[in-house]
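# Topology and contacts: notes
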Amino acid sequence: MLIKARAAIPYSMSIIDLTTTKKPDLALRLKLLAKIGEHKPYNCFQCIRCTSGCPSMKMLELKPHEIVSLASLGFIEELIASGTVWACATCLKCKERCPQAVAPVDLIFALRNLAVEKEAKVPESFLRSLSAILETGFVQKPQDTVTRKMEKVNREKLDLPKFHEPDEKFKAAFFKVLELFQE
Amino acid sequence: MAQKEDETEESRIGVFICHCGLNIAGVLDIKELVEFAKTLPDVIYVKDNRYTCADPGQDEIRKAIKEYKLNRVIVAACSPRLHEPTFRRTVSEAGLNPFLFEMANIREFSSWCHPNTPKEATEKAKDLILMAIAKARLLRPLETMEVPVTNKALVIGGGIAGMNAALDLAEMEFKVYLLEKNESIGGHMAQLDKTFPTLDCSLCIEGPKMVDVGRHPNIEIIAYADLLSVSGYIGNFKVKIRKNPRYVIAENCTGCSECKDVCPIEYPNEWDIGLGVRKSISVPFDQAVPLVYTINKDYCIECYKCVDACGARQAINFDQQPEEIELEVGTIIVAIGYDIYLPYDNPLYGYGKYTNVITSLEFERLILAAGPTGGKVVRASDGQKPHSIAFIQCVGSRDINKYPYCSNFCCMYTLKHVIQLKEKYKEDIEVYVFYMDMRSNFKGYEEFYQRARELGVNFVQGRVSRVFEVPETKNLIIHAEDMALGQPIEVEAEMVVLATAAIPKKGTGEMARILNLTCGADGFFMESHPKLKPIDAPTDGIFLAGACQGPKDIPYSVSQGSGTASRAATVLSKPTWKIEPIIAVVDPDKCRNVTTKCGICAQKCPYGAIKAEEGKPAQVITAMCHGCGTCVAECPADAITQMHFTDAQIFTQIRAALKTNPEDKILAFLCNWCSYAGADLAGTSRFEYPPTIRPIRVMCSGRVDRDFVLEAFRLGAGMVMIGACHLPYDCHYINGNWKMKARMDALTPMLHKLGLSPERFRVEYISAAEGVKFAEVVREMTEQMLALGRDKIKAENEKLRPILEKMLKRKKII
């Protein structure tokens, strides 16, 4: 089956991932590469330094070097579908440390944008953080907590000053940054 | 046994004891040593100096030799590895043969390593002096030999390494014979398209060099010829060569190609790995040097059209016969190169089974503009350009079932191929490289790898498990695991290129036999020393250049070619070559080879310096002997003597060392290059160890005869140790330590059976850098010796003595 499909499109990538039996999507790869400036994934020589320093590594089902490898081979759909890209803490260590100027984090940003474009499911927690930023300026909203006497307390009860909402200028800047990323 | 050395002349021994400032005098009681030396027989003169090696000290030695008519000189001072040459010169200036001098190492071996036990250290120094005097009595004058040098060189192999060697030597005004097996010089480099990492055309840079070689007045190319035999030694090799018939008279052939044009017969061109064809009378490639046509009689139908075409030049002679010539040369440079492994026997990659699976060398001929396809990369199955090509690395290399070594240049030429493809066909071609490690060391190579990645080549890390062919399309399906993904993948490619191992040239073994070289486990020639003599063959006067010693790329081969030229010039530039007199000599009266088929010495000699012909006594080729003494220890009839380290000399040293309280002593045989140097280092580093050890210096641990060990135990030695260079490759005489190991592995169980405690005899491998280890070993052995106790050792020795006496008496040693 696959071989025949291969024969129909002579110049496509001829690689098959045997665990998923998926074939690379070249058009999507080109789109992805266009999103990421100078830090092309095919420069990667798999020293795996990015993975060795990644703070989100435990939460990732695909490790940074695997993301780079899949991207350069053209398995983009898999990456978008995996949900892995949303777990990145964007600490930028991988970009900073890469000896070959590959930036897994840039790839991850690009993949997030692609995911939004393709209307893939964005994890709720990620959306929560986004809305938290818009409401409070923090990644996480201040949370209620319970004392030893099993008393529920919040900032108000503790007489702590109220957070003021971020002003319009911040929001405008925030949306502008998001737009920039989308480009 | 060399005990027959009769003492014809009376020994008159002078002993000079050095204070070395306070280095020796600060610990040892020099006065006591002087008094002790004076009591010894044959000692005529004893003197202590503050610094014996300084001019006044040397003057005293020279004066004393003349005044007291001394004929043996002992200097008790530092290590002979430091000042033996100095004092040898001193005594020879006073008219004494330099080999009548002996040193007692009382600094490194006594004062420096036993600073807190001066009394015992002085006792040890006395023993060392006693041992030196004992040996000195048996010393014989030796003369350094000189052999004449023929100042011509033979270079075997006209590849890039051999050509460079020949050119450099010719430029130094030496006559060079360049022997080439094929019709033309040039080697593998002439087959290549581009060279990495600069991508310049291979033949464009090699061609001019080939022409230079062909034109140089000092170089005589002997192409299309085989090496038959080599005899002789450094400076004086006699070489027999057979020139194979080309059926074309080289002198008359102008290389005009008119004969080729009329020849009707074509056959597969080996030069193109069979991808192209050549005429029955032709040259393998147009730039061939020498440009002489050759008729292949296997294909020729003898239509004689070529004879007509040649006409008045009369260059064609169908009756040509093989011709044997003899040359005399002073040095030989071996540069026979390598072969490419053709993986017919590997069913997994389908070479030879699937038409579109080729080797890298075949690919090289495909992409070469002057190649059989005119530089078009096409598939053999349909003549079409492939749209996807997979390169598989390490085919045969790095595989213990095939060739365990890394073939060195495959990574780089594969990078070259993928870059060429990507630059030529751009997006029109998809390229995969399956690799394990990308080895891109050396200048500009890593950047080359980077360039390949930037061009968008897919590098997949992981060894390919299998290649299948799709029968309809003749495409190939490659199964592999992508290590980066951790997932199995499958690639369909229209062509597969295998980067196969570089293997020893066919005939390397035969060449090794002719030239008396050794091959390593990988089948390539062994160098004399992996670090310090990387281009010297173990046989003096023979040098190794290029890939015959191990796979090498072009720059490395070129530098080795030039390197060997300069090494060869060190010999050729001299009218005579000096040969150290510390060599082995066979006593023809004792040699068993006359009556029985023995030849053990010839087998065991690491240098192949001994000839044992049936019915004749074995003969040592003096100029080839390196003086390790392995044969001396191996000889079952004790018919071989090593000059300056004779059996008698060593036995008398053993006896002197064990004269008093042998149960409290460790007798050690230390090889000059590693263990003795290691012991010296323990001294210079001031590592303190118990003063129980009595070392005897031998050139190589291979010299240590089992009789030495037996004699030591017969005399009641507490412990015996043999110090050697580390296995497997550290021995300075190639493999003397292995020979010693085999010998001692056989002896040890016998001694144990006779009741010797296992810890009392041991073999230690100590390098020149392991002073700590030496001190540690002595400490450990001393502890073991004390733990055993003198009584137990004595009891064991009593039990052993009659048996050992019987064994040694049988050999007439006692």
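Residues numbered from 1 in each chain as written. Chains lettered and ligands numbered in written order. Predicted model: local features only at pLDDT ≥ 70, side-chain atom pairs only at ≥ 80, totals over all residues. Heavy atoms only, no water.

Let's shift gears to the overall build of chain B. Each helix and strand counted, chain B has 22 helices and 38 strands in total. Across the 814 residues of chain B, 60% fall into the buried class. Sequence-distant contacts, at least 24 apart, represent 73% of the contacts inside chain B between residues at least 6 apart. Carbon together with sulfur atoms contributes 52% to the accessible area of chain B, which is approximately 32,400 Å² in total. Charge centroids of chain B, computed over 98 positive and 103 negative side chains, lie 5 Å from each other. (Helix = DSSP H or I, 4+ residues; strand = E, 2+ residues; numbered from the N terminus. Buried < 20%, exposed > 50% of the residue type's maximum accessible area, 1.4 Å probe, protein only. Contact = heavy atoms within 4.5 Å. Areas by Shrake-Rupley, 256 points an atom, 1.4 Å probe, with all protein chains shown as cover. Lys, Arg positive; Asp, Glu negative; His and termini not counted. Charge placed at Lys NZ, Arg CZ, Asp CG, Glu CD.)

Residue and element names in this part refer to chain B. As for its position among the elements, Ser 559 is in helix α14 (residues 554–572). Along the chain, Ser 559 and Asp 589 lie 30 residues apart, while their C-alpha atoms are 49 Å from each other. At a separation of 2.6 Å, a polar atom in the side chain of Ser 559 contacts the main-chain carbonyl oxygen of Pro 555. (Polar contact = N/O pair within 3.5 Å; in protein donor to acceptor, adjacent residues only side chain to side chain.)

This part covers the domain arrangement of chain A. Domain boundaries in chain A define domain 1 (14–117) and domain 2 (124–182). Spacing between the C-alpha centres of domain 1 of chain A and domain 2 of chain A amounts to 30 Å. (Domains from an automatic or database assignment.)

Now for the pattern of salt bridges. If the charged atoms of two oppositely charged side chains come close together, the side chains can form a pair. Residue and element names in this part refer to chain B. Counted by the stated rule, this structure contains 49 salt bridges over all chains. Its salt-bridge partner being Lys 665, residue Asp 127 comes within 2.8 Å of it at the nearest N-O pair. Of this pair, Asp 127 sits in helix α5 (residues 118–137) while Lys 665 sits in the loop between α17 (647–657) and β35 (666–671), placing them 538 residues apart in sequence. The same class applies to Asp 127 as to Lys 665, namely buried. Ionic pairing is found between Glu 613 and Lys 616, a salt bridge with its closest N-O pair at 3.1 Å. Residue classification places Glu 613 among the partly exposed positions, given a relative accessible area of 38%. You can call Lys 616 partly exposed: its relative accessible area is 46%. (Salt bridge = Lys/Arg side-chain N within 4 Å of Asp/Glu carboxyl O.)

Let's shift gears to the confidence of the model for chain A. Low-pLDDT portions of the prediction should not be read for the details of their coordinates. On average, residues of chain A score 81 in pLDDT, and 91% of them are at 70 or above. Overall, residues 1–12 of chain A carries pLDDT values under 50, and its contacts beyond four positions in sequence, including any with other chains, amount to 16 contacts. (pLDDT = per-residue confidence, 0-100.)

Residues and elements named next belong to chain B. Taken as a whole, this structure holds 27 aromatic pairs over all chains when the rule is applied. Ring centres of Trp 271 and Phe 285 lie 4.3 Å apart, and the angle between their planes is 10°; this geometry places the pair in the stacked category. With Trp 271 in the loop between β13 (266–268) and β14 (277–279) and Phe 285 in the loop between β15 (281–282) and β16 (294–295), the pair connects residues that are 14 residues apart, well separated along the chain. Of the two residues, Trp 271 and Phe 285, both sit in the buried class. Ring centres of Phe 409 and Tyr 413 lie 6.0 Å apart, and the angle between their planes is 35°; this geometry places the pair in the tilted category. (Phe/Tyr/Trp six-rings, centres within 6.5 Å; stacked < 30°, edge-to-face > 60°.)

Taken together, the 24 residues of chain A in the interface contact 27 residues of chain B. One can count zero salt bridges joining chain A with chain B. For the interface between chain A and chain B, the tally reads four residue pairs in polar contact (both at pLDDT 80 or more). Those elements giving two or more residues to the side of chain A that touches chain B turn out to be α1 (2–8), β1 (15–17) and α4 (64–73) of chain A.

To continue, consider the packing of helix α19 (residues 706–714) of chain B against helix α20 (residues 736–753) of chain B. Residues and elements named next belong to chain B. Taken N-terminus to C-terminus, the directions of α19 and α20 make an angle of 30°; their axes are 10 Å apart at the nearest point. Here α19 lies roughly parallel to α20, going by the angle between them. The interaxial crossing formed by α19 with α20 has right-handed handedness. Note on element contacts: α20 touches α19 through Arg 743, Met 744, Leu 747, Met 750 and Leu 751, opposite Arg 706, Val 709, Leu 710 and Phe 713. Taken together, the residues of the contact of α19 with α20 sort by class into seven nonpolar, no polar and two charged. (Axes fitted to C-alpha atoms, helices over the stretch in contact; angles between N-to-C directions. Parallel < 35°, antiparallel > 145°, perpendicular 65-115°, else oblique. Left-handed = near helix turned anticlockwise from the far one by under 90°. Nonpolar A, V, L, I, M, F, W, Y, C, P; charged D, E, K, R; others polar.)

Here we come to the state of the cysteines. Residues and elements named next belong to chain B. The full count for this structure, using the stated rule, is one disulfide over all chains. Through a disulfide, Cys 201 is tied to Cys 204; the S-S separation comes to 2.2 Å. Given an S-S torsion of about 85°, the disulfide between Cys 201 and Cys 204 has right-handed geometry. Not engaged in a disulfide, the cysteine Cys 625 finds its nearest cysteine sulfur in Cys 631; these two sulfurs lie 6.3 Å apart. No disulfide involves Cys 628; its nearest neighbouring cysteine sulfur is the one of Cys 700, lying 5.3 Å away. Assessed through its relative accessible area of 7%, Cys 628 is described here as buried. (Disulfide = S-S within 2.5 Å.)

Before going further, it helps to spend a moment on the pairing of strand β26 (residues 487–493) of chain B. When you tally the buried positions in β26 of chain B, you get six out of seven residues, the bulk of the element. Relative to β26 of chain B, β1 of chain A runs antiparallel, the two being bridged by three bridges. Bridge assignment links Asp 17 of chain A to a residue of β26 of chain B, and that residue is Ile 489 of chain B. In the sheet, strand β25 (residues 476–482) of chain B pairs with β26 of chain B via seven bridges, with the strands oriented antiparallel. Bridging across to β26 of chain B, Ile 478 of chain B finds its partner in Val 491 of chain B. The turn joining β25 of chain B and β26 of chain B, which pair antiparallel and follow one another in sequence, is formed by four residues; a positive phi near 70° is taken by Gly 486 of chain B. (Pairing = 2+ DSSP bridges.)

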